[in-house]
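Each chain, letter by letter, is given below.
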Amino acid sequence: MSTIDTTCLLTDRYALADSFTYAVAEKAGAYATARKVLTGMQPDAIKAEVKAANIRGRGGAGFPAGVKWGFLPPPDPNKPVYLVINADEGEPGTFKDRTIMEKDPHRLLEGCIIAMRAIGAHTTYIYVRGELVTSIKRLEQGIRDLRAKGVLGKRPFGIDHAMDIHVHPGGGAYICGEETSLLNSLEGYRGEPRLKPPFPAVSGAFGMPTIVNNVETIASVPDILKLGGAAWSALSRLPNDGGTRLYGVSGHVKNPHVFEGPVGLTLREMIDLCGGMLDASRPLKGVIPGGSSTPVLRPDDLVHAPDAAHPLHAWHGKSHLDVPMGVDTMRNLGTMLGTCCAIVMDSSVNMVEAARNLMRFYHHESCGQCTPCREGTGWLAEICDRIADGHATEADVELLVDVSNNMMGNTICALADGTAMPMLAFVRKFRGEFLAAAREGGVKNGRLDQAVVPLLGGRAA
Amino acid sequence: MPTFKLNGQDLEYQPGDTIIRAAWRAGIEIPHYCWHPGLSVVASCRMCLVEVKSGRPMMLPIMQWDAKKNEYVDATKVKLVPACQQAVTDGLEVSSQSEPAKAAHATVQEFLLLNHPVDCPICDQAGECKLQDYWLAHQTKLKRKQTEPVHKSKAVRFGPTIVYDGERCVMCTRCIRFNDEVAKDPVLDMRERGNVNEICLSPGRELDHKYTLMSEHVCPVGALTSRDFRFKARVWFLKAAPSVCSGCATGCNMFIDFEPRAQEVQRLRPRDNEAVNKYWMCDDGMMSYRRFHEGRVTAGRVRATGGLVDVTPSAALTEAAALLAAAKKAGKKVGVVFSAQHSSEDNHVLAKFARDVLGASSVYLAAQGGWDGDAILRDADNNPNRAGATAVAAQHGFASLGTTAKLLADVASGSVGAVLALGWASQESAAELAALSKVPVISLASNEGALPSIASVLVPVATHAETNGTFTNRHGLAQQFKRAIHAPDGIKSAWETLAELARALGATIDFGKLEDVRRALPASTPTAQPAATA
Ligand SMILES: Cc1cc2nc3c(=O)[nH]c(=O)nc-3n(C[C@H](O)[C@H](O)[C@H](O)COP(=O)(O)O)c2cc1C
Ligand code: SF4
Ligand code: SF4
Ligand code: SF4
Ligand code: FES
C-alpha cells in the first residue's frame, strides 16, 4: 500500500507493556535527555534548540513555540515564571494528547522539566480535561514517583533549580481550553477568556509571566533536545514546520486511531494509514482536517494556484486532500491545520446534519461574554435546526452566511471565529444540500441519528 | 496636551486614555454597553467597535455570494477594535462612523435584541434604555429571528431593593463589577454559558449592602429594577433638578427626578462628579427622597390648652413673633439653634436674625447623631451641612456652637428663656428634649422630628427639594443645589420665613433675593455650581 514513513519518536514507548509507569519508561530511555540537558546545557542553549526545531504549537493555533518562549520578560525575582500545560483537549474530533498522557505520561513530564529549565520556571501546572480520569491518575502517579526519586524537588539531577509539577483537573468546558480562559479556571475563576494584551507571557497565571503550551508541544521537547533542534526539524516534509507529530483520524475509516508521522502527511495518506474508507460503497465526501473549528475540505476541490509564486503552486490542479498538512499550507488552502486530527465523512453524512451537530456544540460552549458569539452561536444552531427539521426557507441559508460574517473577528477569543469559519465552509462547499433541505422540508437521508447508529455497532442510539 | 483624531476631529487626550474615555471626556458618545467610566474594562459587549486607521488595515476573511459566478467568493472585512480597550496614541486616527464601524454597531445591536423580550411597555427602563436608544441610532434591520426567544428567570428578587429580569439582561457585567470593585462585596456573578447565561447571587447571599441601588443605576437596560421605583412612573414624564444629597457630609451630587404635574419627587440618582462622588450614591442617600413627602409638616401648629392645634403657616408665624417679642421684653436670653440639615442660606439668615434682631443670644447646632460611615462614600456624619452652618455662624461672630445637650442644660439652669430652632433633626429623642418645653420653643421645620414635636409653635418651612441652596461638605466644598418642586401653599424657605419673622418683629433683614443671601455667604469656601441639565 503506502510507503509512508511513520517514524516513532514521540510514540516509541506507546507499545511497551505498562509504558506509563516510571520503571518501564525510565528503562526505555526516559529522563536520560533531561539529565543531560539539565546538567550540561544553559537555558539559552535549550531555547536555541527549540527555536531551531521550528516546532509549531500543537494546540491548534500553530504558533512557533521557540518564538513564544522568547516573549518572556527578562528574569525578575519578584515575578516567578510559570509553565502551564494545556491538556484540556476539548476540540471535537481531537483525541491525541490523551494518548500521550495515558501511554507515556513521563514524556510529557520530562518535557516539562526541560522546558522549566529553559524558561526559568520552578512550577508547572498541567490543566487536564476533567473527564480524562486515567490521564490524571497516571500523571499524578508519575509526579509522585518523580518526587520520590528527587527528580522533582529542590535539586533535580543535582542542579540548583527547584522544580515541581501539579495536575489540575479541568472545569468541564470547551472554552477552558482557550489559554487565558484556562488560566482563569486554574486560578479558580469562571472560565472566561481574558482580554489581550497583556499576553500570558507577560501576565499569565496569577498575574505572572507564563508560557502556555499544548501537551504534545511539550512532550516533543525531549526528542528535540535528544536529536538537536535542526535534526529534529528536518524530520518534517515541510519548511518552517518541523519534526514529527501526532495525527488522529476519526469517522468513516476502517481503523480510526492516533499515530505519529512527519509533519506534512496529506489527508489522503492519513486515510490510507487508517485502512482506507470504512465502506467501499460509500465514497469520501468531506474531511474536517484538524478539529471541528477548521473548515471542511472536499476531495473533489482542486488547488487553483497557477501562479508560480503562489505558496501552493506545487500542488496546482491536485485535490485538496493531496496537499501536505502543515500550519501554513492549510492556511493557504483556506482552512486550518488545527490539532491535525481529521474527521472523515463519507457519503452517508448529510452536511446539514454535520453542521447542525457542530453548531449545537458551539452554542453550548460559547462562554457568553461577547455579544456576537453568545447570540451568534445560538442563532446559527437555531437556523441549522430549522433547515434540518424542515422549518426553513432558502433565505435562511443566506442568513447562515450573514450571521457568520457578522461574528467573524468581532470577539475576545477565537471561539466565535472557530464557529463562523466552519459554518461558512459548510455552506460554501455543500450549498446544494442546505438549499435542498430548506426546499424539501428538511433533511431526508443521512439524518444524524441514522448516521450514528451503524457506528455504534447497531446498538440503538 | 497630545491629540488624536476621532471622526476627523482633533481631540485632546490624557496619557492612558482609551479611545472611548477620551471621546467621553470631550462629550462624544461612542455606543457602548459594558464600558462605564468608573468600572474596569471587559470589552465584551462589542458595541464600541471602531476603525483605527494605521498602516495597512488587518483584513478578515468572510464570504460573499457572487451572482455572476453563481458561487460564493472570498471577501474581506476590516478588523475593528473595541474603543473601550484600545489605548489612544499620539496622532491615532479613529472612526466610529466609517461603514465597517457602522455595520458592526448594527450587527451587535441586532444580536443583542435577538432574544430580548422587547417588553418596553411594561419595562421601567423604557425611555432611558440603551437598547432603545441604540436601536433607533444604530440598528438597520428589522427583526430577522422570528422564533421563540430564549427564556430565562424573571422577576428574581436579588434583595430588599432590587429585582432581576434575566431575559432583559445584556450580560454587560456592569452590575457584577460595581459590586466587586466599588461596593467591595462580590455578591453577584454569572452562571451558565452562552445565550442561556444569567446573573446570579452568591450562594446564601442577598444583594443587601449599602450600595445596592447602584446596581440598578449602572444597568444599561431594564434587567435590574429598583423595587422602590418599579411601576411608579414613566421616566419621560419626569423632570430632573440638579441637587446635592442631604444624607451625609459627603454631599454626593444627584438629580432629583420629580413628576412636575403632581409636584412629587420619584427618585434620586447620582450626578457625576469626579471630585465628590464620582458616579455613585449610597442607598440611604438615594432613599432620602422619602423625606420630601413622608413626615412632612404642611401646616403651622401652636400649643393651646389641650394640646397642639393646626393653624395656617402665617398664623403660626404671628404666634412665633409674639412669643419672641414677649421673651425679648422680659429680657430673656433666646437660645438659637442652627441646623446641620439646612442650607447655608437658611443658617446664614438665622445667624443674622440672632445677632441683629434678637441681640445677645446663646447659639447651638442641632444635628443627627451619625451613622455608619465607610471608605466608599458614606461619611459618619449623616448631616449634609455641619460645615456650612458652622461657617456662617462664625461669620456673624458666633465662634462656637453648643450642642443640643448644652441647650438642655442652659434651659434647665434658666440661662436660656426661649428657644428658636431651625430644622427637624436632632441627636436627642423627643422624650430627651421634652425638658425644653419649660420655655417657649419656636421650631422652623419641614418635617416631623423631636424638635418640632416639643415646640410651642411650629412654623412649616420648605424642604431642600423645594428650595435653592448650598451645602458645604466634609472637605469644605460648597455645592449649590436647585429647587425641584414647589413648596405647598403658604410655605416658604426657612430664610424667607426668618426674614418675615424679622419684619413681624419690626426689624428688617435686608435680603430680597437668594442672590443677596449668597453674596453674603463666607467667601473663602470654593463653590461648585451644579450642572444645569439632566
Ligand atoms: C475555544 C478554544 C479552545 C481551545 N482548546 C484547546 C485545547 O483543548 N487544547 C490546547 O492545547 N489548545 C487549545 N486551544 C488553543 C490555546 O488557546 C493555545 O493556543 C494553546 O494552548 C497554545 O499551545 P501551543 O502553542 O503549544 O499550541 C483552544 C483555543 C480556543 C480558542
Ligand atoms: S468569543 Fe465566545 S467564547 Fe470567546 S470570549 Fe467571546 S463569548 Fe466567550
Ligand atoms: S443585569 Fe444589567 S448591569 Fe447586570 S449584566 Fe445584565 S444588563 Fe448588565
Ligand atoms: S454617601 Fe452620603 S451624600 Fe452620598 S448618597 Fe449616601 S448619604 Fe448621600
Ligand atoms: S463598550 Fe467596548 S466592548 Fe462593551
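Residues numbered from 1 in each chain as written. Chains lettered and ligands numbered in written order. Predicted model: local features only at pLDDT ≥ 70, side-chain atom pairs only at ≥ 80, totals over all residues.

Peer 1: Is there a simple way to explain the overall build of chain A in this structure?
Peer 2: A count of helices and strands for chain A gives 19 helices and eight strands. A compact globule built from 461 residues would reach a C-alpha radius of gyration of about 23 Å, and chain A, at 22 Å, matches this within 12%. Considered along the principal axes of its C-alpha atoms, chain A spans approximately 70 × 50 × 50 Å. Buried positions account for 57% of the 461 residues belonging to chain A. (Helix = DSSP H or I, 4+ residues; strand = E, 2+ residues; numbered from the N terminus. Rg over C-alpha atoms; globule rule 2.2 N^0.38 Å. Buried ≥ 20, exposed ≤ 12 C-beta atoms within 10 Å, placed from the backbone.)

Peer 1: What should I look at first to understand the overall build of chain B in this one?
Peer 2: Scanning chain B for helices and strands turns up 14 helices and 25 strands. In terms of overall dimensions, chain B has a C-alpha envelope of 110 × 50 × 40 Å along the principal axes. Expressed as a percentage of its 534 residues, the buried residues of chain B come to 50%. For chain B, the proportion of contacts with a sequence separation of at least 24, taken over those separated by at least 6, is 66%. (Contact = placed C-beta atoms within 7 Å.)

Peer 1: Honestly, the domain arrangement of chain B in this entry has me stumped. Any pointers?
Peer 2: The extent of an interface is frequently quoted as the accessible surface area lost upon association of the parts. All names here are of chain B. Structurally, chain B comprises domain 1 (3-113), domain 2 (156-292) and domain 3 (300-528). Relative to domain 3, the C-alpha centre of domain 2 lies at a distance of 33 Å. Counting residues at the interface gives 26 residues for domain 2, matched by 25 residues for domain 3. Counting only elements with at least two residues in the side of domain 2 that touches domain 3, the list comes to β13 (239-244) and β14 (253-259). When residues of the side of domain 2 that touches domain 3 are assigned to their parent elements, the largest contribution, four residues, is made by β13. (Domains from an automatic or database assignment.)

Peer 1: Would you mind showing me how to read the domain arrangement of chain A here?
Peer 2: All names here are of chain A. Per the domain assignment, the segments of chain A are domain 1 (22-233), domain 2 (244-346) and domain 3 (351-455). Computed from C-alpha coordinates alone, the two centres of domain 1 and domain 3 are separated by 35 Å. The partner domain 3 presents eight residues to the 10 residues of domain 1 that form the contact. Here the side of domain 1 that touches domain 3 is built from residues that sort into six nonpolar, two polar and two charged. (Nonpolar A, V, L, I, M, F, W, Y, C, P; charged D, E, K, R; others polar.)

Peer 1: Please clarify how the site of ligand 2 should be interpreted in this entry.
Peer 2: Around ligand 2, a shell composed of 14 residues is seen, among which Cys367(A), Cys370(A), Cys373(A), Thr411(A) and Cys413(A) lie nearest. Among the elements of the structure, α15 (371-389) and α17 (415-429) of chain A are those that each provide at least two residues to the shell around ligand 2. (Near = placed C-beta within 6 Å.)

Peer 1: Looking at this structure, I do not really get the environment of Ile211(A). What am I missing?
Peer 2: Residue placement: Ile211(A) occurs in strand β4 (residues 210-214). Owing to 27 C-beta atoms within 10 Å, Ile211(A) belongs among the buried residues under this scheme.

Peer 1: How should the interface of chain B and chain A be read in this particular structure?
Peer 2: Counting residues at the interface gives 30 residues for chain B and 31 residues for chain A. Per element, the largest residue contribution to the side of chain B that touches chain A is five residues, and it comes from helix α2 (residues 99-113) of chain B. Residue composition of the side of chain B that touches chain A, by class: 16 nonpolar, eight polar and six charged.

Peer 1: Teacher, can you tell me more about the site of ligand 3 here?
Peer 2: Around ligand 3, the surrounding shell holds 13 residues, and the nearest of these are Cys169(B), Cys172(B), Cys175(B), Cys219(B) and Ala223(B). Split by residue class, the shell around ligand 3 holds 11 nonpolar, one polar and one charged.

Peer 1: When you look at α2(B) in this model, what are you seeing that I'm missing?
Peer 2: Because each turn of an α-helix spans 3.6 residues, side chains separated by three or four positions in sequence point in the same direction. In this model, α2(B) (15 residues) spans 21 Å end to end at C-alpha, consistent with the 21 Å of a helix rising 1.5 Å per residue. Ala101(B), Ala104(B), His105(B), Thr107(B), Val108(B), Gln109(B), Glu110(B), Phe111(B) and Leu112(B) are the residues of α2(B) that are buried. Where the residues of α2(B) are buried, they touch α15 and α16 (394-407) of chain A together with β3 (49-53), β7 (93-95) and α3 (130-138) of chain B. (Expected span 1.5 Å × (residues − 1).)

Peer 1: What is the right way to look at the confidence of the model for chain A in this model?
Peer 2: Parts of the prediction with low pLDDT should not have their coordinates interpreted in detail. Residues of chain A with pLDDT of at least 70 account for 96%, and the chain-wide mean is 95. This model gives residues 452-461 of chain A a pLDDT under 50, and the stretch forms five contacts once residues within four places in sequence are excluded. (pLDDT = per-residue confidence, 0-100.)

Peer 1: Quick question: what am I supposed to make of the packing of helix α2 (residues 32-40) of chain A against helix α6 (residues 105-119) of chain A here?
Peer 2: A pair of packed helices is characterised by two quantities: the angle between their axes and the separation of those axes. Residue and element names in this part refer to chain A. Interhelical geometry of α2 versus α6 gives an angle of 10° and a closest axis separation of 9 Å. On the basis of the axis angle, α2 is roughly parallel to α6. Together, Thr33, Ala34, Val37 and Leu38 of α2 and Glu110, Ile113, Ile114 and Arg117 of α6 make up the contact between the two elements. In terms of residue class, the contact of α2 with α6 is made up of five nonpolar, one polar and two charged. (Axes fitted to C-alpha atoms, helices over the stretch in contact; angles between N-to-C directions. Parallel < 35°, antiparallel > 145°, perpendicular 65-115°, else oblique.)

Peer 1: Help me out: how do you make sense of the sheet that holds strand β2 (residues 121-128) of chain A in this one?
Peer 2: Residues and elements named next belong to chain A. Sheet architecture is open: four strands sit in the order β3-β2-β1-β4, paired in parallel fashion. Taken across any chain shown, the strands that pair with only one partner, and hence form the sheet edges, are β3 (164-169) and β4. Strand after strand, the sheet turns through a mean of 20° between neighbouring axes, direction not considered. Sheet topology note: the strand β1 (residues 81-87)/β2 ladder contains seven bridges and is parallel. Across the sheet, valine 81 pairs through a bridge with alanine 121, a residue of β2. In the packing of α6 onto the sheet, contacts are made with β1, β2, β3 and β4, and the angle to β1 comes to roughly 150°. Of the strands in this sheet, β1, β2, β3 and β4 touch helix α8 (residues 179-186), which is tilted by about 110° from β1. (Pairing = 2+ DSSP bridges.)

Peer 1: Explanation requested: the pairing of strand β22 (residues 457-460) of chain B in the structure shown.
Peer 2: Each regular strand shows side chains that alternate between the opposite faces of the sheet. Residue and element names in this part refer to chain B. Side chains of β22 alternate between two faces, with Val457 and Val459 and Leu458 and Pro460 buried alike. As defined by bridge partners, strand β16 (residues 300-304) adjoins β22 across two bridges and the pair is classed as antiparallel. Pairing of arginine 301 across the sheet is with leucine 458, part of β22. As defined by bridge partners, strand β21 (residues 441-445) adjoins β22 across four bridges and the pair is classed as parallel. Bridging across to β22, isoleucine 442 finds its partner in valine 457.

Peer 1: Explain the sheet that holds strand β8 (residues 341-346) of chain A here, please?
Peer 2: Two modes of strand pairing occur in sheets, parallel and antiparallel, and in both the strands are linked by backbone hydrogen bonds. Residue and element names in this part refer to chain A. Read from one edge of the open sheet, four strands run β6-β5-β8-β7, paired in mixed fashion. The strands lining the two open edges of the sheet, one partner per strand, are β6 (258-262) and β7 (284-288). Direction aside, the axes of adjacent strands within the sheet are offset by 30° on average. Bridge count for β7 against β8 is four bridges, and the pairing is antiparallel. Among the inter-strand pairings, leucine 284 is bridged to a residue of β8, identified as aspartate 346.

Peer 1: Which parts of the structure should I look at to understand the environment of Gln109(B)?
Peer 2: All names here are of chain B. Position of glutamine 109 relative to the elements: it lies in helix α2. Sequence separation between glutamine 109 and phenylalanine 237 is 128 residues, and the spatial gap between their C-alpha atoms is 27 Å. Apart from the residues within four sequence positions on either side, glutamine 109 is in contact with Tyr134, Trp135, His138 and Gln139.

Peer 1: Could you clarify how one ought to interpret unusual backbone geometry in this entry?
Peer 2: In most cases, non-glycine residues show a negative phi, while peptide bonds are predominantly trans. A cis amide bond links Lys196(A) with the next residue in sequence, Pro197(A), at an omega value of -10°. In this fold, Pro197(A) is placed in the loop between α8 and β4. A cis amide bond links Pro197(A) to the next residue, Pro198(A), at an omega of 0°. Turning to its location among the elements, Pro198(A) is positioned in the loop between α8 and β4. Of note in the backbone geometry, Asn7(B) takes a positive phi value of approximately 50° without being a glycine.

Peer 1: Help me out: how do you make sense of the confidence of the model for chain B in this one?
Peer 2: Across chain B, the average pLDDT comes to 95, with 98% of residues at 70 or higher. Confidence metrics for the complex model read pTM 0.95 and ipTM 0.94.

Peer 1: I'm lost on the packing of helix α7 (residues 313-329) of chain B against helix α13 (residues 494-504) of chain B in this one. Help?
Peer 2: Residue and element names in this part refer to chain B. The contact between α7 and α13 brings their axes to 9 Å, and the two run at 55°. Put simply, α7 runs oblique to α13. When you trace α7 past α13, the crossing you get is right-handed. Facing Leu317, Thr318, Ala320 and Ala321 of α7, the residues of α13 in contact are Thr497, Glu500, Leu501 and Ala504. Of the residues that constitute the contact of α7 with α13, the class distribution is five nonpolar, two polar and one charged. (Left-handed = near helix turned anticlockwise from the far one by under 90°.)

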